[in-house]
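Secondary and tertiary structure notes
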Amino acid sequence: MAEFTKRIFSGVQPSGGLTLGNYLGMIRPSVGLQNSGEFETIYCMVDLHAITTWQDPEALRRQTREVAAGFIASGIDPAKSILFNQSQAPEHAQLAWVFNCVARMGWMQRMTQFKDKAGKNAQNASLGLFAYPALMAADILIYHATHVPVGDDQKQHLELTRDIAIKFNHDFGQEFFPVTEPIIGKAEARIMSLRDGSKKMSKSDPSDMSRLNLTDTPDDMAKKFRKAKTDPEPLPESVDGLEDRPEARNLVNIYAALSGQTQEQVIAEFAGKQFGEFKPALADLAVAQMGPIGEEMSRLMDDPAEIDRQLRAGAERAREIAAPILAKTYEIVGMIA
Ligand code: TRP
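Residues numbered from 1 in each chain as written. Predicted model: local features only at pLDDT ≥ 70, side-chain atom pairs only at ≥ 80, totals over all residues. Heavy atoms only, no water.

Before going further, it helps to examine the site of the ligand. Around the ligand, the surrounding shell consists of Phe-9, Gly-11, Gln-13, Val-46, His-49, Tyr-132, Met-136, Asp-139, Ile-140, Val-148 and Gln-154. The separation between a nitrogen atom of the ligand and a polar side-chain atom of Tyr-132 is 2.5 Å. Taking 360 Å² as the accessible area of the ligand by itself, protein coverage stands at 89%. At the level of secondary structure, the elements contributing two or more residues to the shell around the ligand comprise strand 1 (7-12) and helix 7 (127-141). Top contributing element to the shell around the ligand by residue count: helix 7, with four residues. Taken together, the residues of the shell around the ligand break down into six nonpolar, four polar and one charged. (Near = heavy atom within 4 Å. Polar contact = N/O pair within 3.5 Å; in protein donor to acceptor, adjacent residues only side chain to side chain. Areas by Shrake-Rupley, 256 points an atom, 1.4 Å probe, with all protein chains shown as cover. Helix = DSSP H or I, 4+ residues; strand = E, 2+ residues; numbered from the N terminus. Nonpolar A, V, L, I, M, F, W, Y, C, P; charged D, E, K, R; others polar.)

Below is the structure:
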(Lines give C-alpha, C1' and ligand atoms only; values in the text may rest on other atoms or scores of the structure.)
Protein backbone atom coordinates (compact mmCIF):
# COMPACT_ATOMS: atom_id res chain seq x y z
CA MET A 1 0.00 0.00 0.00
CA ALA A 2 1.27 3.47 -0.86
CA GLU A 3 2.10 5.87 1.99
CA PHE A 4 -0.27 8.78 2.49
CA THR A 5 0.09 11.84 4.74
CA LYS A 6 -2.33 11.65 7.67
CA ARG A 7 -4.91 14.16 6.55
CA ILE A 8 -8.47 14.89 7.69
CA PHE A 9 -11.17 16.32 5.47
CA SER A 10 -14.50 17.37 6.89
CA GLY A 11 -17.37 19.08 5.09
CA VAL A 12 -20.25 21.04 6.54
CA GLN A 13 -23.31 22.23 4.67
CA PRO A 14 -23.94 25.96 4.96
CA SER A 15 -27.68 25.41 4.64
CA GLY A 16 -28.67 27.06 7.93
CA GLY A 17 -27.31 28.66 11.08
CA LEU A 18 -25.18 26.73 13.58
CA THR A 19 -26.70 25.03 16.62
CA LEU A 20 -25.33 23.68 19.88
CA GLY A 21 -25.66 20.25 18.22
CA ASN A 22 -23.30 21.30 15.41
CA TYR A 23 -20.91 22.76 17.95
CA LEU A 24 -20.69 19.74 20.25
CA GLY A 25 -21.03 17.13 17.50
CA MET A 26 -18.70 18.57 14.91
CA ILE A 27 -17.00 21.89 15.56
CA ARG A 28 -15.51 21.19 18.99
CA PRO A 29 -14.18 17.76 17.88
CA SER A 30 -12.71 19.44 14.78
CA VAL A 31 -10.79 21.84 17.00
CA GLY A 32 -9.53 18.87 18.99
CA LEU A 33 -8.32 17.14 15.84
CA GLN A 34 -6.62 20.31 14.63
CA ASN A 35 -4.80 20.71 17.93
CA SER A 36 -3.85 17.03 18.29
CA GLY A 37 -0.94 17.64 15.93
CA GLU A 38 -1.58 14.18 14.46
CA PHE A 39 -3.16 15.29 11.20
CA GLU A 40 -3.28 17.95 8.57
CA THR A 41 -6.83 19.28 8.86
CA ILE A 42 -9.05 20.60 6.07
CA TYR A 43 -12.48 22.06 6.89
CA CYS A 44 -14.78 22.95 4.03
CA MET A 45 -18.09 24.79 3.75
CA VAL A 46 -19.68 22.62 1.07
CA ASP A 47 -21.70 25.22 -0.82
CA LEU A 48 -21.96 23.02 -3.93
CA HIS A 49 -23.66 20.35 -1.83
CA ALA A 50 -26.06 22.91 -0.39
CA ILE A 51 -27.59 23.72 -3.79
CA THR A 52 -28.77 20.15 -4.41
CA THR A 53 -31.97 21.62 -3.01
CA TRP A 54 -32.82 25.23 -3.90
CA GLN A 55 -31.17 27.88 -1.73
CA ASP A 56 -31.82 31.56 -1.59
CA PRO A 57 -28.55 33.00 -2.97
CA GLU A 58 -28.15 35.76 -0.37
CA ALA A 59 -28.98 33.35 2.46
CA LEU A 60 -26.44 30.87 1.13
CA ARG A 61 -23.68 33.49 1.13
CA ARG A 62 -24.62 34.65 4.62
CA GLN A 63 -24.75 31.11 6.02
CA THR A 64 -21.43 30.20 4.42
CA ARG A 65 -19.84 33.16 6.22
CA GLU A 66 -21.68 32.33 9.43
CA VAL A 67 -20.43 28.74 9.46
CA ALA A 68 -16.88 29.92 8.74
CA ALA A 69 -17.19 32.46 11.57
CA GLY A 70 -18.46 29.69 13.87
CA PHE A 71 -15.41 27.55 13.15
CA ILE A 72 -12.98 30.42 13.67
CA ALA A 73 -14.73 31.67 16.82
CA SER A 74 -14.59 28.13 18.25
CA GLY A 75 -10.86 27.79 17.76
CA ILE A 76 -10.25 26.66 14.20
CA ASP A 77 -7.12 28.59 13.33
CA PRO A 78 -6.93 29.39 9.60
CA ALA A 79 -3.15 29.25 9.92
CA LYS A 80 -3.20 25.68 11.28
CA SER A 81 -6.18 24.26 9.38
CA ILE A 82 -7.26 24.88 5.82
CA LEU A 83 -10.69 26.55 5.98
CA PHE A 84 -12.52 27.44 2.77
CA ASN A 85 -15.69 27.11 0.74
CA GLN A 86 -15.90 24.27 -1.73
CA SER A 87 -16.82 26.20 -4.88
CA GLN A 88 -13.53 28.14 -4.74
CA ALA A 89 -11.63 24.93 -5.39
CA PRO A 90 -13.03 23.79 -8.76
CA GLU A 91 -11.05 20.53 -8.54
CA HIS A 92 -13.83 19.07 -6.35
CA ALA A 93 -16.39 19.30 -9.13
CA GLN A 94 -13.88 18.17 -11.73
CA LEU A 95 -12.97 15.02 -9.84
CA ALA A 96 -16.66 14.42 -9.09
CA TRP A 97 -17.26 14.00 -12.84
CA VAL A 98 -14.62 11.30 -13.04
CA PHE A 99 -16.22 9.61 -10.02
CA ASN A 100 -19.66 9.80 -11.67
CA CYS A 101 -18.08 7.53 -14.25
CA VAL A 102 -16.63 5.16 -11.62
CA ALA A 103 -19.64 4.82 -9.27
CA ARG A 104 -22.35 2.40 -10.40
CA MET A 105 -26.06 3.21 -10.60
CA GLY A 106 -26.78 0.33 -8.24
CA TRP A 107 -24.48 1.80 -5.59
CA MET A 108 -26.11 5.20 -5.79
CA GLN A 109 -29.62 3.79 -5.67
CA ARG A 110 -28.85 2.18 -2.32
CA MET A 111 -28.08 5.52 -0.62
CA THR A 112 -30.61 5.86 2.19
CA GLN A 113 -30.09 9.61 2.56
CA PHE A 114 -31.22 10.18 -1.01
CA LYS A 115 -34.31 8.06 -0.43
CA ASP A 116 -35.07 9.99 2.77
CA LYS A 117 -34.48 13.42 1.28
CA ALA A 118 -36.19 12.79 -2.06
CA GLY A 119 -39.15 11.19 -0.29
CA LYS A 120 -42.16 10.12 -2.31
CA ASN A 121 -41.43 12.59 -5.05
CA ALA A 122 -38.07 11.16 -6.18
CA GLN A 123 -38.85 11.93 -9.84
CA ASN A 124 -38.80 15.59 -8.98
CA ALA A 125 -35.53 15.52 -6.97
CA SER A 126 -32.53 17.15 -8.62
CA LEU A 127 -29.95 15.02 -10.40
CA GLY A 128 -27.45 16.73 -8.10
CA LEU A 129 -29.15 15.31 -5.01
CA PHE A 130 -28.77 11.82 -6.49
CA ALA A 131 -25.13 12.37 -7.51
CA TYR A 132 -24.22 14.14 -4.25
CA PRO A 133 -22.33 11.18 -2.68
CA ALA A 134 -19.94 11.07 -5.66
CA LEU A 135 -19.16 14.76 -5.08
CA MET A 136 -18.60 13.97 -1.40
CA ALA A 137 -16.16 11.22 -2.41
CA ALA A 138 -14.37 13.77 -4.59
CA ASP A 139 -14.20 16.26 -1.69
CA ILE A 140 -12.34 13.69 0.34
CA LEU A 141 -10.19 12.04 -2.29
CA ILE A 142 -9.08 15.21 -4.09
CA TYR A 143 -6.89 15.69 -0.99
CA HIS A 144 -6.00 12.00 -0.60
CA ALA A 145 -7.57 12.41 2.85
CA THR A 146 -6.86 9.39 5.02
CA HIS A 147 -9.44 10.13 7.75
CA VAL A 148 -12.94 11.63 7.86
CA PRO A 149 -14.95 12.28 11.05
CA VAL A 150 -18.43 10.88 10.47
CA GLY A 151 -21.71 10.85 12.31
CA ASP A 152 -24.20 8.04 11.80
CA ASP A 153 -25.91 9.75 8.89
CA GLN A 154 -22.73 9.90 6.79
CA LYS A 155 -21.34 6.39 7.35
CA GLN A 156 -22.89 5.02 4.17
CA HIS A 157 -21.45 7.89 2.12
CA LEU A 158 -18.00 7.17 3.47
CA GLU A 159 -18.43 3.49 2.55
CA LEU A 160 -19.25 4.63 -0.98
CA THR A 161 -16.14 6.82 -0.99
CA ARG A 162 -14.07 3.76 -0.10
CA ASP A 163 -15.76 1.71 -2.83
CA ILE A 164 -15.03 4.42 -5.39
CA ALA A 165 -11.35 4.58 -4.36
CA ILE A 166 -11.01 0.80 -4.53
CA LYS A 167 -12.73 0.54 -7.92
CA PHE A 168 -10.72 3.40 -9.39
CA ASN A 169 -7.46 1.88 -8.16
CA HIS A 170 -8.51 -1.51 -9.52
CA ASP A 171 -9.78 -0.24 -12.89
CA PHE A 172 -6.55 1.65 -13.57
CA GLY A 173 -4.18 -0.78 -11.87
CA GLN A 174 -2.63 1.69 -9.40
CA GLU A 175 -2.80 2.38 -5.68
CA PHE A 176 -3.59 6.03 -6.36
CA PHE A 177 -6.40 6.89 -3.95
CA PRO A 178 -6.27 6.00 -0.24
CA VAL A 179 -9.11 3.95 1.25
CA THR A 180 -10.25 6.56 3.76
CA GLU A 181 -10.90 5.57 7.39
CA PRO A 182 -13.81 6.94 9.41
CA ILE A 183 -13.28 8.61 12.77
CA ILE A 184 -16.48 7.70 14.59
CA GLY A 185 -17.79 10.46 16.86
CA LYS A 186 -18.82 9.88 20.45
CA ALA A 187 -22.48 9.00 20.94
CA GLU A 188 -22.68 11.66 23.69
CA ALA A 189 -22.07 14.24 21.02
CA ARG A 190 -25.57 13.57 19.66
CA ILE A 191 -27.67 16.46 20.92
CA MET A 192 -31.43 16.21 20.66
CA SER A 193 -34.22 18.77 20.22
CA LEU A 194 -35.23 20.72 23.34
CA ARG A 195 -38.87 20.10 22.43
CA ASP A 196 -38.69 16.39 21.54
CA GLY A 197 -35.96 14.16 22.97
CA SER A 198 -36.35 11.62 20.16
CA LYS A 199 -35.42 14.06 17.37
CA LYS A 200 -31.95 15.42 16.62
CA MET A 201 -31.44 19.13 17.33
CA SER A 202 -31.69 20.65 13.86
CA LYS A 203 -31.37 23.99 12.16
CA SER A 204 -34.31 23.03 9.94
CA ASP A 205 -36.78 22.41 12.80
CA PRO A 206 -39.63 24.92 12.37
CA SER A 207 -39.52 25.76 16.11
CA ASP A 208 -36.62 27.98 17.15
CA MET A 209 -37.31 26.87 20.74
CA SER A 210 -36.12 23.37 19.79
CA ARG A 211 -32.49 24.45 19.45
CA LEU A 212 -29.76 26.66 20.80
CA ASN A 213 -28.22 28.75 18.03
CA LEU A 214 -24.61 29.82 18.47
CA THR A 215 -25.81 33.37 17.82
CA ASP A 216 -28.49 33.31 20.56
CA THR A 217 -28.22 35.94 23.28
CA PRO A 218 -27.76 34.81 26.93
CA ASP A 219 -31.44 35.69 27.53
CA ASP A 220 -32.53 33.48 24.60
CA MET A 221 -30.45 30.62 25.95
CA ALA A 222 -31.86 30.90 29.47
CA LYS A 223 -35.41 31.06 28.08
CA LYS A 224 -34.93 28.03 25.85
CA PHE A 225 -33.66 25.89 28.71
CA ARG A 226 -36.39 27.15 31.04
CA LYS A 227 -39.02 26.14 28.47
CA ALA A 228 -37.27 22.92 27.39
CA LYS A 229 -39.62 19.95 27.51
CA THR A 230 -39.14 17.68 30.52
CA ASP A 231 -41.18 15.25 32.61
CA PRO A 232 -42.45 15.96 36.14
CA GLU A 233 -40.00 13.62 37.94
CA PRO A 234 -36.86 14.90 39.69
CA LEU A 235 -33.48 13.80 38.32
CA PRO A 236 -32.81 10.12 39.06
CA GLU A 237 -30.26 8.63 41.42
CA SER A 238 -28.34 6.89 38.63
CA VAL A 239 -27.82 7.13 34.88
CA ASP A 240 -29.97 4.01 34.38
CA GLY A 241 -32.92 6.06 35.62
CA LEU A 242 -32.67 8.20 32.46
CA GLU A 243 -33.45 5.18 30.27
CA ASP A 244 -37.05 6.01 29.30
CA ARG A 245 -36.76 9.76 29.82
CA PRO A 246 -35.34 11.09 26.54
CA GLU A 247 -35.77 14.79 27.40
CA ALA A 248 -34.17 14.44 30.83
CA ARG A 249 -31.37 12.38 29.35
CA ASN A 250 -30.73 15.02 26.68
CA LEU A 251 -30.41 17.84 29.22
CA VAL A 252 -28.06 15.77 31.39
CA ASN A 253 -26.08 14.92 28.28
CA ILE A 254 -25.80 18.58 27.30
CA TYR A 255 -24.66 19.48 30.80
CA ALA A 256 -22.05 16.71 30.70
CA ALA A 257 -20.77 17.71 27.27
CA LEU A 258 -20.51 21.41 28.16
CA SER A 259 -18.84 20.81 31.52
CA GLY A 260 -16.52 18.08 30.29
CA GLN A 261 -17.93 15.61 32.81
CA THR A 262 -19.46 12.17 32.43
CA GLN A 263 -23.22 11.70 32.79
CA GLU A 264 -22.47 9.80 36.03
CA GLN A 265 -20.73 12.83 37.49
CA VAL A 266 -23.62 15.12 36.55
CA ILE A 267 -26.15 12.73 38.06
CA ALA A 268 -24.04 12.44 41.22
CA GLU A 269 -24.29 16.20 41.61
CA PHE A 270 -27.99 16.62 40.77
CA ALA A 271 -29.60 13.34 41.94
CA GLY A 272 -33.07 14.00 43.35
CA LYS A 273 -33.06 17.67 42.31
CA GLN A 274 -35.98 19.19 40.42
CA PHE A 275 -35.66 20.64 36.93
CA GLY A 276 -36.47 24.00 38.47
CA GLU A 277 -32.99 23.82 39.94
CA PHE A 278 -31.18 21.92 37.20
CA LYS A 279 -32.32 24.06 34.27
CA PRO A 280 -30.93 27.39 35.58
CA ALA A 281 -27.60 25.66 36.33
CA LEU A 282 -27.58 24.32 32.77
CA ALA A 283 -28.44 27.74 31.34
CA ASP A 284 -25.61 29.38 33.32
CA LEU A 285 -23.17 26.77 32.05
CA ALA A 286 -24.33 27.19 28.44
CA VAL A 287 -24.06 30.98 28.65
CA ALA A 288 -20.57 30.75 30.16
CA GLN A 289 -19.34 28.32 27.49
CA MET A 290 -21.21 29.46 24.40
CA GLY A 291 -21.63 33.18 25.10
CA PRO A 292 -18.03 34.15 24.24
CA ILE A 293 -18.17 32.08 21.05
CA GLY A 294 -21.40 33.75 19.97
CA GLU A 295 -19.93 37.19 20.66
CA GLU A 296 -16.79 36.42 18.69
CA MET A 297 -18.95 35.12 15.82
CA SER A 298 -20.95 38.32 15.61
CA ARG A 299 -17.76 40.35 15.79
CA LEU A 300 -16.38 38.36 12.84
CA MET A 301 -19.63 38.63 10.89
CA ASP A 302 -19.53 42.41 11.18
CA ASP A 303 -16.61 42.25 8.75
CA PRO A 304 -17.71 39.88 5.96
CA ALA A 305 -14.89 41.05 3.68
CA GLU A 306 -12.37 39.71 6.19
CA ILE A 307 -14.14 36.32 6.34
CA ASP A 308 -14.14 36.22 2.53
CA ARG A 309 -10.42 36.99 2.54
CA GLN A 310 -9.78 34.09 4.93
CA LEU A 311 -11.84 31.73 2.77
CA ARG A 312 -9.97 32.82 -0.36
CA ALA A 313 -6.62 32.26 1.31
CA GLY A 314 -7.82 28.84 2.52
CA ALA A 315 -8.96 27.92 -0.99
CA GLU A 316 -5.55 28.79 -2.40
CA ARG A 317 -3.87 26.43 0.01
CA ALA A 318 -6.47 23.74 -0.69
CA ARG A 319 -5.82 24.01 -4.41
CA GLU A 320 -2.08 23.56 -3.91
CA ILE A 321 -2.92 20.05 -2.73
CA ALA A 322 -5.88 19.40 -5.03
CA ALA A 323 -4.52 20.58 -8.39
CA PRO A 324 -1.65 18.06 -8.68
CA ILE A 325 -3.95 15.22 -7.57
CA LEU A 326 -6.50 16.19 -10.24
CA ALA A 327 -3.76 16.46 -12.88
CA LYS A 328 -2.48 13.01 -11.98
CA THR A 329 -6.02 11.60 -12.03
CA TYR A 330 -6.60 13.01 -15.52
CA GLU A 331 -3.32 11.52 -16.66
CA ILE A 332 -4.23 8.13 -15.22
CA VAL A 333 -7.60 8.07 -17.00
CA GLY A 334 -6.08 9.16 -20.32
CA MET A 335 -6.67 12.89 -20.75
CA ILE A 336 -4.16 14.93 -22.78
CA ALA A 337 -2.76 17.88 -20.83
N1 TRP B 1 -22.57 15.13 3.32
C2 TRP B 1 -22.16 15.83 4.50
C3 TRP B 1 -23.39 16.26 5.29
O4 TRP B 1 -24.47 16.37 4.75
C5 TRP B 1 -21.33 17.06 4.16
C6 TRP B 1 -20.12 16.68 3.40
C7 TRP B 1 -19.86 16.95 2.10
C8 TRP B 1 -18.98 15.99 3.90
N9 TRP B 1 -18.65 16.49 1.73
C10 TRP B 1 -18.07 15.89 2.81
C11 TRP B 1 -18.66 15.46 5.15
C12 TRP B 1 -16.87 15.24 2.96
C13 TRP B 1 -17.43 14.82 5.29
C14 TRP B 1 -16.54 14.71 4.20
O15 TRP B 1 -23.30 16.52 6.47
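Attention shifts here to unusual backbone geometry. Even without being glycine, His-144 reaches a positive phi, approximately 50°. Residue position: His-144 is located in the loop between helix 7 and strand 4 (147-150).

A few words on a negative patch on the surface. Together, Asp-240, Glu-243, Asp-244 and Glu-264 make up a negatively charged patch on the protein surface. A relative accessible area of 71% places Asp-244 in the exposed class. (Patch = residues over 30% accessible without salt bridge, like charges linked within 9 Å, V, L, I, M, F, W, Y side chains within 5 Å. Salt bridge = Lys/Arg side-chain N within 4 Å of Asp/Glu carboxyl O. Lys, Arg positive; Asp, Glu negative; His and termini not counted. Charge placed at Lys NZ, Arg CZ, Asp CG, Glu CD. Buried < 20%, exposed > 50% of the residue type's maximum accessible area, 1.4 Å probe, protein only.)

Burial along strand 3 (residues 82-85) is two-sided: Ile-82 and Phe-84 and Leu-83 and Asn-85, pointing in opposite directions, are all buried. In this sheet, strand 3 lies alongside strand 2 (residues 40-45) in parallel orientation, the contact comprising four bridges. Of the residues in strand 3, the one forming a bridge with Cys-44 is Phe-84. (Pairing = 2+ DSSP bridges.)

With 14 residues, helix 10 (residues 246-259) should reach 20 Å at 1.5 Å per residue; the first-to-last C-alpha distance of 20 Å fits that figure. The buried fraction of helix 10 amounts to 11 of the 14 residues, a majority that puts the element mostly inside the structure. Packing partners of the buried residues in helix 10 comprise helix 1 (20-36), helix 9 (218-226), helix 11 (263-270) and helix 12 (275-301). (Expected span 1.5 Å × (residues − 1). Contact = heavy atoms within 4.5 Å.)

Here Arg-211 is to be found in the loop between strand 5 (181-184) and helix 9. Of the residues examined, Arg-211 reaches a relative accessible area of 9% and is grouped as buried. Within the local environment of Arg-211, its side chain forms a polar contact with the backbone oxygen of Ser-202, the two atoms lying 2.8 Å apart. Here Arg-211 is in contact with Thr-19, Leu-194, Met-201, Ser-202, Lys-203, Ser-204, Asp-205, Asp-216 and Lys-224, once residues within four sequence places are set aside.

This next bit is on the domain arrangement of the protein chain. Each assigned domain of the protein chain is listed here: domain 1 (7-190 + 304-333) and domain 2 (208-299). Overall, the association of domain 1 and domain 2 removes approximately 1200 Å² of surface from exposure, summing both partners, and the carbon and sulfur fraction of that is 69%. Connecting domain 1 to domain 2 are zero salt bridges. Applying the counting rule to domain 1 against domain 2 returns four residue pairs in polar contact (both at pLDDT 80 or more). Put simply, the parts of the chain that give the side of domain 1 that touches domain 2 at least two residues each are helix 1 and helix 3 (57-74). (Domains from an automatic or database assignment. Buried area = accessible area lost by both parts, 1.4 Å probe.)

Here we come to the nonpolar core. Phe-71, Phe-225 and Phe-278 are the most contacted members of the largest nonpolar core, which totals 54 residues. The element contributing the most residues to this core is helix 12, with 10 residues. Two domains each put at least three residues into this core: domain 1 (7-190 + 304-333) and domain 2 (208-299). Setting aside residues up to four positions removed in sequence, Phe-71 forms contacts with Val-12, Met-26, Ile-27, Ser-30, Tyr-43, Met-45, Ile-76 and Leu-83. Val-98, Ala-137, Leu-141 and Leu-160 belong to the second largest nonpolar core, which has 46 residues in total. (Core = buried A, V, L, I, M, F, W, Y, C linked by side-chain atoms within 4.5 Å.)

This brings us to the environment of Met-105. Looking at the element boundaries, Met-105 is found in helix 5 (residues 105-109). According to the relative accessible area criterion, Met-105 is exposed, its value standing at 53%. Considered as a pair, Met-105 and Lys-117 are 12 residues apart in the sequence and their alpha carbons are 18 Å apart.

With that settled, consider the packing of helix 9 against helix 12. When two helices pack together, their arrangement is captured by the angle between the axes and the distance separating the axes. Relative orientation of the contacting elements helix 9 and helix 12 amounts to 145°, with a least axis distance of 9 Å. For the pair helix 9 and helix 12, the crossing hand works out as right-handed. On helix 12, the residues that touch Pro-218, Met-221, Ala-222, Phe-225 and Arg-226 of helix 9 are Lys-279, Leu-282, Ala-283, Ala-286, Val-287, Met-290 and Gly-291. For the contact of helix 9 with helix 12, a count of residues per class yields nine nonpolar, one polar and two charged. (Axes fitted to C-alpha atoms, helices over the stretch in contact; angles between N-to-C directions. Left-handed = near helix turned anticlockwise from the far one by under 90°.)

The next point concerns the environment of His-92. Looking at where His-92 falls in the secondary structure, it is placed in helix 4 (residues 91-100). In the structure, His-92 is positioned 163 residues away from Tyr-255 in sequence and 39 Å away in space, judged by C-alpha atoms. His-92 has contacts with Phe-9, Cys-44, Phe-84, Gln-86, Leu-135, Ala-138, Asp-139, Ile-142 and Tyr-143, leaving out every residue within four places of it along the chain.

According to the stated counting rule, one finds 13 aromatic pairs in the structure shown. Between Phe-114 and Phe-130, the ring centres sit 5.1 Å apart and the planes meet at 80°, which makes this aromatic pair edge-to-face. Taken as a pair, Phe-114 in helix 6 (residues 112-118) and Phe-130 in helix 7 lie far apart in primary sequence, 16 residues in all. With centroids separated by 4.9 Å and ring planes inclined at 75°, the aromatic side chains of Phe-270 and Phe-278 adopt a geometry described as edge-to-face. According to the relative accessible area criterion, Phe-270 is buried, its value standing at 7%. Put simply, the rings of Phe-99, Phe-168, Phe-172, Phe-176 and Phe-177 touch in pairs and so form one group of aromatic residues. (Phe/Tyr/Trp six-rings, centres within 6.5 Å; stacked < 30°, edge-to-face > 60°.)

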